[in-house]
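Summary of structural features
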Amino acid sequence: MTINQVMVIGAGQMGAGIAQVFAQSGLNVKLNDLQQEALDKGLNGIEKRFNRAVEKGKMSEEEKQTALGHLSGTTNLKDASDCDLVIEAVVENMDIKTKVFKSLDEITPGHAILATNTSSLPITEIAAATERPSQVIGMHFMNPVPVMKLVEIIRAIQTSDETFQAIEDMAKKLNKSPVEVEDFPGFVSNRILMPMINEAIYTVHEGVASPEDVDTVMKLGMNHPMGPLTLADFIGLDTCLYIMEVLYEGFGDSKYRPCPLLRKYVKAGWLGKKSGRGFYSYE
């Protein structure tokens, strides 16, 4: 199928990044958020990133204006009525996501593909909330979206080959590298990454080493560009805990049990960079 008009729901860091790469690739994209303030922040962030790209010589002024011309904002979900593809990037909560997909199922044209940017929740369950489960798929971008090449394309058990092919082709059009993944808890990226982060937290919890030394071991010994505890702070410790709980519940295996120290930090409101404190201080 031909995808001409796209909507991205959720103007946070991920949603705005996704909308940006669509606009840069010459596709008409509407960025949607319930809150006008959040929408304005998302659109302004995109324009600032474009301005920096122009300043650094990575984009011409003409290319910037062309990309901005492909981008618009809306707080009305009904503006998805002419969209060929909608990508949901709202909070990681199944009840909220299924509510959004039920609404989209009623609003969008019958041919439209409905994708979710979820990092861990079952696509099969989201698809079952619609009358078009064969046209529902996971499209998990990495953060920061404009920089990171990977997109996990996750098939629900109901996803058709035609839907998968359309999304794989679209990912390539966005200059991304798509990887096909089946619908298991955490997919590939978070099934591997989050237990590593959780184990790093256990080493701190058990007094094996300090956060700084754990990160140094992984950077200098394993050639990771960023230590796992720094990365956890950037992701958000509440998000890390949530994904570990999804893995623990989904597999029923004790190896996915969230570290008590992770739970304690989240209860204290120490969520990482966004709260000013996590394993490191950002105040």
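Now for a quick tour of the structure. Keep in mind the model is a prediction, meaning the values are calculated, not measured.

1. Side note on the overall build of the protein
Scanning the protein for helices and strands turns up 11 helices and eight strands. With the principal axes as the frame, the protein shows a C-alpha extent of 55 × 45 × 30 Å. Per-residue burial over the protein gives 50% buried out of 283 residues. For the protein, contacts bridging at least 24 residues in sequence account for 68% of all contacts bridging at least 6. Of the roughly 13,700 Å² that the protein leaves accessible, carbon and sulfur atoms contribute 51%. Counting 28 positive and 37 negative side-chain charges, the protein places the centres of these two groups 4 Å from one another.

2. Examining the sheet that holds strand E4 (residues 85–88)
The strand order E3-E2-E1-E4-E5-E6-E7-E8 describes an open sheet built from eight strands, whose pairing is mixed. Two strands lie at the open edges of the sheet, namely strand E3 (71–74) and strand E8 (177–182), each paired on one side alone. When strand polarity is set aside, the average angle formed by the axes of neighbouring strands in this sheet is 25°. Pairing of strand E6 (residues 136–141) with strand E7 (residues 150–155) involves five bridges; the strand directions are antiparallel. The residue of E7 that forms the bridge with Met 139 is Ile 153.

3. Thoughts on the layout of surface pockets
If a probe the size of a water molecule is rolled over the atoms, the empty space left behind becomes visible. The space that makes up the second largest pocket amounts to roughly 150 Å³. Lining of the second largest pocket is provided by Leu 193, Met 196, His 224, Pro 225, Met 226, Gly 227, Pro 228 and Leu 231. Of all the secondary structure elements, the ones that give two or more residues to the lining of the second largest pocket are helix H7 (189–205) and helix H9 (228–235). The residue inventory of the lining of the second largest pocket, partitioned by class, reads six nonpolar, two polar and no charged.

Here is what the cut-offs are and how they apply
Residues numbered from 1 in each chain as written. Predicted model: local features only at pLDDT ≥ 70, side-chain atom pairs only at ≥ 80, totals over all residues. Heavy atoms only, no water. Helix = DSSP H or I, 4+ residues; strand = E, 2+ residues; numbered from the N terminus. Buried < 20%, exposed > 50% of the residue type's maximum accessible area, 1.4 Å probe, protein only. Contact = heavy atoms within 4.5 Å. Areas by Shrake-Rupley, 256 points an atom, 1.4 Å probe, with all protein chains shown as cover. Lys, Arg positive; Asp, Glu negative; His and termini not counted. Charge placed at Lys NZ, Arg CZ, Asp CG, Glu CD. Pairing = 2+ DSSP bridges. Axes fitted to C-alpha atoms, helices over the stretch in contact; angles between N-to-C directions. 1 Å grid on protein atoms, 1.4 Å probe; cavity = no way out; pocket = protein on both sides within 12 Å on 5 of 7 lines; lining within 4 Å. Points joined across faces, edges and corners; volume = space filled by probe spheres on them. Nonpolar A, V, L, I, M, F, W, Y, C, P; charged D, E, K, R; others polar.

Interpretation note: all reported values are geometric properties and have no functional meaning in isolation.
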